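Survey of secondary and tertiary structure
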Amino acid sequence: MRRQLVVMVVVCLLGAPSLASALGLGKIQVKSSLYKPFDAVIPLLSVKPDEVDSLKVKLASYEAFEKAGLVKNSFLREMKVVVVEGDNGKPVVKLTTQRVAKEPVIDLLLVLESKSGKVVRAFTVLLDSQ
């Protein structure tokens, strides 16, 4: 029994590095404020150089927002979501609008797809007036 437990722990630990290198989204960095056009970036985590060109990122559908218990504000319809090179040379998701953000709280539900899989992640942004 003890030997089986040790074997299971070793197998789990050996599998952990592959899980740690999975594609992901970091913490959102908002660069704008309330009553200004929205501008934010989200670092991409564990992206392989050959994956960058095949990445697809978008806001989730209205149905996905509802299923997640989030409100997809009409403000989000014109949000531009693209993968670009960040200031540090690493890829980031850039989110921008031309319209000003009039709501202090914005819910985002992003879908990131690559050759290796799909990531769906929610973000809630609190905009401060400056």
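Reading the values: rules and limits
Residues numbered from 1 in each chain as written. Predicted model: local features only at pLDDT ≥ 70, side-chain atom pairs only at ≥ 80, totals over all residues. Heavy atoms only, no water. Pairing = 2+ DSSP bridges. Helix = DSSP H or I, 4+ residues; strand = E, 2+ residues; numbered from the N terminus. Axes fitted to C-alpha atoms, helices over the stretch in contact; angles between N-to-C directions. 1 Å grid on protein atoms, 1.4 Å probe; cavity = no way out; pocket = protein on both sides within 12 Å on 5 of 7 lines; lining within 4 Å. Points joined across faces, edges and corners; volume = space filled by probe spheres on them. Nonpolar A, V, L, I, M, F, W, Y, C, P; charged D, E, K, R; others polar. Phe/Tyr/Trp six-rings, centres within 6.5 Å; stacked < 30°, edge-to-face > 60°. Lys NZ or Arg CZ within 6 Å of the ring centre and 35° of its normal.

**Brief notes about the sheet that holds strand β8 (residues 117-126)**
Pairing between the strands of a sheet is mediated by backbone hydrogen bonds and can be parallel or antiparallel. The three strands are arranged β4-β7-β8 in an open sheet whose pairing can be described as antiparallel. Strand pairing shows two members of the sheet lacking a second neighbour, β4 (56-59) and β8, which therefore form its edges. The mean inter-strand angle of the sheet, taken between neighbouring strand axes irrespective of direction, is 20°. Across four bridges, β4 lies against strand β7 (residues 105-114) in antiparallel orientation. Counterpart to Val57 in the pairing with β7 is Leu112.

**Some thoughts on the layout of surface pockets**
Put simply, the largest pocket is a space of about 230 Å³. Forming the boundary of the largest pocket are 14 residues, of which Val41, Gly86, Asp87, Asn88 and Val92 lie nearest the centre. Where the lining of the largest pocket is concerned, the elements lending two or more residues are β3 (37-45), β5 (80-85) and β6 (91-100). Considering only residue class, the lining of the largest pocket consists of six nonpolar, three polar and five charged.

**What to know about the packing of aromatic side chains**
All chains considered together, the criterion is met by zero aromatic pairs. In this arrangement the basic side chain of Lys72 is found over the ring face of Tyr62, its NZ or CZ atom lying 4.7 Å from the centre.

The quantities given are spatial measurements derived from coordinates; they are silent on function.
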